[in-house]
Amino acid sequence: MKNSFRCFILIGAAVGMALLTGCRKEIKYLGVDFTIQHKVLKNKLTVLVVEVPEFRFVSYQTWIRAGSIDENWDKTGISQIALNLLERNLNQADVASDKEKSWEKVFTELAEKGVQYQAQAGREATSFSYRLRPENLPDVIALDSSRFRSFSVSPIDFNGMKLLQLEDIRLRFDGNLDAKMQLALWQSAYRVHPYSRPMVGYPQDIVGLKIEDAEEFIRRAYRPDYATVIVVGPVKASSVMTQIENQYGDNWWKNLSKDQQQERKSTKDHRSQLQDEPEQTEELYLTLKEEAGLAKTGDRFAIGFRIASAKESEAFTADVLNQIVFEGEASRASKRWLSDVSSPGTQRLLALSSESLTPMYSGLITVYGVLPNGVKFSEFRPDFDLLLDEVQKKGVTENEISRAIRELTHQLLDNLRSPAQLARLLGTVFVTLGEFDSFQKDLEKYLSITPKEVQDLSQKVFNPNNRTYVVMTPKSSATTAKGSGQ
Amino acid sequence: MRFHKSLKLGLVCLALTSTAIAGSSKVTCLKLLEPLSPQAEWMVSVKPNLHHSGDDSLASESNRMLWVWLQLQNRYIKEKVSEKGLIAQARAHSGRVTYSIRGHFSDEKEITDILWAWLQVDVIKELGEKKLEQILKNLQEEEDVIWDSAELGAVARLSRLLMGPQSSYEVAKDQPLTEGRALLAQHLRDVQAQVLAFNDLIEVIIAPKHLQKADCDPRLGELVKESKKTIEPAPALQRQMPPVIKLRKLEKNAFWEMSTSTQMMIHLGVAVPSSKGVSEETLAVVASLLSSGLNSKLEEQVRKEVGVSYRIYAQIVDGFLMIHTSTRPEWLSKCLSALETGIKALGAQPMSAADWNNALALHDRSKLLSVETVEDLAYVKIAASGFDALKAKQVFAEIAKYSRPRILLVGPKPPK
């Protein structure tokens, strides 16, 4: 759901076509050739299996539609803490004969068998991912399913998780200028929607969290009907489906009390109550004064342009627009500001990157840049405005669109190079859209984008009232030249 | 001699053809098949004929210049392929230089034509004096972004500490192409001559699985022969950098203030002279061993002397071994002392044969597990020839001498 989410959607179109017509469908599209098998269990858990005998490893991923946007406004950080707690929430009897065996020991034993594991929680989704040899699949299914059977945590462990989370925040932002800029941009561009909050939470909220908050979040967000298990690699789908059904089918939170089960059934979908961010009506500008860093460069900037969500066809055009103007080595910005031959009067950039982020709710095109030592953003801004103005007034060419689509297609196909990439792609599509049946029309739209549509969108997206600027500038030259290492 | 056999490796079906060329040079061709993707990638990897002078710093200097030369290559090729929507890069790894272009298999002829021309190009001549000057100036400015980043900036600073002043390629800004830059360009030509005078060549084609043909490109043999004929002996360079080269002022051990940090980051570099015939691949194995199983010995020592140990990891940068960890400011001196003791102990108590074999097996497995894509596999196979277990053991002994240690501290205030 990051920079090439559109590409995920593109392959999702093929996937969706498969799922519509039955539980087994061969995908033949853009030279891609594979089969997806699909099943929804009685508890509404979705299972997707792709058999690829040529891969040596299996990717096993559990995706949950639970992220930081599902947190209550005064309990930020709980989605990360819930993830950390669930990682350790192994019901020992299910995964080890020795009930006293710690979760570290269980993981160490699997690692010795060559199983690699990672888990992550983002704004919209949480995933538990494993990379393993086929013979270790039963062990991994038992391990992963065990954490969703019952949940318990001691006050000491919970406080430990809070401290760990506070340390994680420190590590993430200490001296990391890019992380600070990114946080400031999302906080500025979104005022109402929870995309404004940091995914790791605010320290003051984390300090006040209680065990009950974690239990409530896990009961509310970690539901089988919000989850999908994805298996890609050299496996037999029928056997894998049976093993997954046996382990997850009747066991998901099987120890919930009747009251808790009733509460879960009656709880409304949190996301159905979320309001999308209102349309932006004015230019937003934030200046950050930085003490550390910026010793050798000029100002840094992050600029956001609000765009549509993944569910709207306009998002496809936004991807093409971003690809032509900012993204890629042949983009207009790259040619103008990263080229090695400076044109007189044109300011060069030391670094430039961009993303077109089209998540569940209205997204952002983000552009990050670094100016040379001593150069202020105010000196660069006329160049930047001129580039946007040219696209708005003169539009783009057929050749530029053709190149952009070719680059986006390359990115799409690169998602098929490993079982983990394909599984991640399927997980992202499932979590973001929850269904696949509108893809075919989306795909047609994507491939038939015209220069006029790109120009029309540029007039809307690059409108000054749709822009958010965050500029990081040195606090003072005296405070940034400390240390013998400079 | 020509032989051909097919191997089933599990991940992909691999067809392998190896052809010996006259003399010591050889061409090896590998074909790897993508299980799902319809895209293809063409790679050519060469082993530069690097000359070693015996001076420790020159090997690093050579690596540094190689990096700059690769930047020239990548800027050159970018202009050739970006409008076509292709992805191309040249990179150094495991003592080799690998060129690659990725695109759709139907464009094979166009892509391989670009690749063969790229392999033979005199990139310095092609770019021209003016553009070369501009690129070198831009490279220095782009390094400033790294210099401001907490993690990468620390590694860059430690690298400078270890290399010493001679290694810097930094060029004074706003200067015309003076004698200094001409000398810099001469260094780059020296590197180019070494890369183009390669001893062996590996061609890898990563193709969609339905394409089973696996022949060496007939142009490769000619390319190898030609490279031997046309490359002139590398000029004997005066290694002293001219006065226009600006040097960052770094003490033997340096401190970089980061007022927002509460921890003291320790970046410790130890000289492991790669000019004594230790390949980068061998050094990479040593770093991997230190970062995986063996770092527990260092952590154990730190825990013993300090009470608490934070994560320790190691890497190879510019041919030097760097060890990174952090501690609380008040525990700094104890932590440094424990690291020194721990490092010396590694060499003073050589591992048993069984421990050594276990460590290597662990490294091999972790390397194999890191293979995510067919492209990763290609790089692993290209690098496989470079490891020397005996040298790796010697490197441990070198580390234990604690020769030319340099320490960079990053933290909230200067240590007392």
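Values in this document were obtained by computation on a predicted structure and should not be read as measured data. (Residues numbered from 1 in each chain as written. Chains lettered and ligands numbered in written order. Predicted model: local features only at pLDDT ≥ 70, side-chain atom pairs only at ≥ 80, totals over all residues. Heavy atoms only, no water.)

A.B. asks: What should I look at first to understand the interface of chain A and chain B in this one?
C.D. replies: When the parts come together, some accessible area is lost, and that loss is often what is quoted as the size of the interface. On the chain B side, the residues contacting the 57 residues of chain A number 56 residues. Here chain A and chain B share an interface that buries about 4900 Å² over both sides, 48% of which is from carbon and sulfur atoms. Our count for the chain A to chain B interface comes out at seven salt bridges. As a salt-bridge pair, Arg-417 of chain A and Glu-34 of chain B come within 3.0 Å of each other at their nearest N and O atoms. Linking chain A with chain B are 13 residue pairs in polar contact (both at pLDDT 80 or more). (Contact = heavy atoms within 4.5 Å. Buried area = accessible area lost by both parts, 1.4 Å probe. Salt bridge = Lys/Arg side-chain N within 4 Å of Asp/Glu carboxyl O. Polar contact = N/O pair within 3.5 Å; in protein donor to acceptor, adjacent residues only side chain to side chain.)

A.B. asks: Help me understand the sheet that holds strand E8 (residues 254-257) of chain B, please; the structure alone is not making it clear to me.
C.D. replies: Sheet strands line up and pair through hydrogen bonds in the backbone, either parallel or antiparallel. Residue and element names in this part refer to chain B. Taking strand neighbours across the sheet as the criterion, the five strands line up as E8-E12-E9-E11-E10 in an open arrangement whose pairing is mixed. Here the strands that pair on one side only, and so sit at the sheet edges, are E8 and strand E10 (313-317). Each adjacent strand pair in this sheet contributes to an overall mean axis angle of 20°, direction not counted. (Pairing = 2+ DSSP bridges. Helix = DSSP H or I, 4+ residues; strand = E, 2+ residues; numbered from the N terminus. Axes fitted to C-alpha atoms, helices over the stretch in contact; angles between N-to-C directions.)

A.B. asks: Explain the pairing of strand E5 (residues 87-93) of chain B to me, please; I cannot follow it from the model alone.
C.D. replies: Successive side chains on a regular strand alternate, one facing one side of the sheet and the next facing the other. All names here are of chain B. Sheet analysis places E5 next to strand E6 (residues 96-104), joined by seven bridges and oriented antiparallel. Its bridge partner lying in E6, Arg-91 is registered against Thr-98. Where E5 folds back onto E6 in an antiparallel hairpin, the turn is made up of two residues, including Ser-94, whose phi is positive at roughly 50°.

A.B. asks: Just checking my understanding: could you explain the sheet that holds strand E12 (residues 467-474) of chain A for this structure?
C.D. replies: Residues and elements named next belong to chain A. The five strands are arranged E8-E12-E9-E11-E10 in an open sheet whose pairing can be described as mixed. The open sheet is flanked by strand E8 (284-290) and strand E10 (351-357), the only strands paired with a single partner. Recorded for the sheet is a direction-independent mean angle of 10° between the axes of neighbouring strands. Direction of pairing for E8 relative to E12: parallel, over a ladder of seven bridges. Each bridged residue has a counterpart across the sheet, and for Leu-286 the counterpart in E12 is Val-470. On the sheet, helix H12 (residues 314-325) packs against strand E9 (300-307), E10 and strand E11 (363-370) and is oriented at approximately 170° with respect to E10.

A.B. asks: How should the side chain of Thr-98 of chain B be read in this particular structure?
C.D. replies: Residues and elements named next belong to chain B. By the element assignment, Thr-98 lies in strand E6. Within the structure, Thr-98 has its side chain in polar contact with the side chain of Ser-45 (distance 2.9 Å). Aside from chain neighbours lying at most four places away, what touches Thr-98 is Met-43, Val-44, Ser-45, Gln-89, Ala-90, Arg-91, His-93, Tyr-379 and Ile-382.

A.B. asks: So what exactly am I meant to see when it comes to the pairing of strand E4 (residues 39-46) of chain B here?
C.D. replies: All names here are of chain B. The element E4 is extensively covered by neighbouring structure, given that eight of its eight residues are classed as buried. Alignment of E4 against E6, held across eight bridges, turns out to be antiparallel. Counted as the bridge partner of Val-46 is Val-97 from E6. Bridge analysis of E4 against strand E7 (residues 200-208) gives six bridges, and the strand direction is antiparallel. Looking at E7, one finds that Trp-42 is bridged to Ile-205. (Buried < 20%, exposed > 50% of the residue type's maximum accessible area, 1.4 Å probe, protein only.)

A.B. asks: Before we go on, may I ask you to explain the nonpolar core in this structure?
C.D. replies: Most often, soluble globular proteins keep nonpolar side chains buried together rather than apart. Of all hydrophobic cores here, the largest spans 56 residues; its most connected members are Tyr-60, Tyr-222, Val-231, Ile-244, Tyr-248 and Trp-253 of chain A. Ranked by the residues each element gives to this core, the list is headed by helix H2 (residues 78-88) of chain A, at six residues. Those residues in contact with Tyr-222 of chain A that sit more than four places away from it in its chain are Ile-64, Ala-66, Ala-82, Leu-83, Leu-86, Thr-126, Phe-128, Phe-148, Phe-217, Trp-252 and Trp-253 of chain A. Within the second largest apolar cluster, 46 residues are counted, among which are Trp-69, Leu-184, Ala-185 and Ile-205 of chain B. (Core = buried A, V, L, I, M, F, W, Y, C linked by side-chain atoms within 4.5 Å.)

A.B. asks: Explain the pattern of salt bridges here, please?
C.D. replies: Side-chain pairs of opposite charge can arise whenever the charged atoms involved come near each other. Taken as a whole, this structure holds 36 salt bridges over all chains when the rule is applied. One salt bridge in this structure joins Asp-70 of chain A and Arg-271 of chain A, with 2.6 Å as the shortest N-O distance. On the criterion of sequence distance, the pair formed by Asp-70 of chain A in the loop between strand E4 (58-64) and H2 and Arg-271 of chain A in the loop between helix H11 (258-266) and E8 is long-range, its members being 201 residues apart. The class of Asp-70 of chain A is buried, set by a relative accessible area of 3%. Overall, the relative accessible area of 5% leaves Arg-271 of chain A in the buried class. In this structure, Asp-299 of chain A and Lys-376 of chain A form a salt bridge, with 3.9 Å as the shortest nitrogen-oxygen distance. Taken together, the residues span a long stretch of sequence, with Asp-299 of chain A in the loop between E8 and E9 and Lys-376 of chain A in the loop between E11 and helix H14 (377-394) at a distance of 77 residues. The class for Asp-299 of chain A is buried, based on a relative accessible area of 4%. Taking relative accessible area as the criterion, Lys-376 of chain A reaches 36% and is therefore assigned partly exposed. Through salt bridges with shared partners, a single network forms among Asp-414 and Arg-417 of chain A together with Glu-34, Glu-41, Arg-102 and Glu-375 of chain B.

A.B. asks: Before we go on, may I ask you to explain the packing of H2 of chain A against helix H9 (residues 211-221) of chain A in this structure?
C.D. replies: Helices that pack against each other are described as a pair by the angle of their axes relative to one another and the distance between those axes. All names here are of chain A. Orientation of H2 relative to H9, taken along the N-to-C sense of each, is 85°, at an axis distance of 10 Å. With respect to H9, the axis of H2 lies roughly perpendicular. Of H9, the residues touching H2 (which contributes Ile-78, Ser-79, Ala-82, Leu-85 and Leu-86) are Asp-213, Ala-214, Phe-217 and Ile-218. Residues of the contact of H2 with H9, tallied by class, amount to seven nonpolar, one polar and one charged. (Parallel < 35°, antiparallel > 145°, perpendicular 65-115°, else oblique. Nonpolar A, V, L, I, M, F, W, Y, C, P; charged D, E, K, R; others polar.)

A.B. asks: I keep staring at unusual backbone geometry and nothing clicks. Help me out?
C.D. replies: Excluding glycine, most residues fall at negative phi; most peptide bonds, likewise, are trans. All names here are of chain A. Residues other than glycine seldom take positive phi values, yet Lys-44 does so here, at roughly 75°. Relative to the helices and strands, Lys-44 resides in the loop between strand E2 (32-40) and strand E3 (46-51). If you check the backbone angles, Trp-253 has positive phi at about 50° while not being a glycine. With respect to the helices, strands and loops of the structure, Trp-253 is situated in the loop between helix H10 (237-248) and H11.

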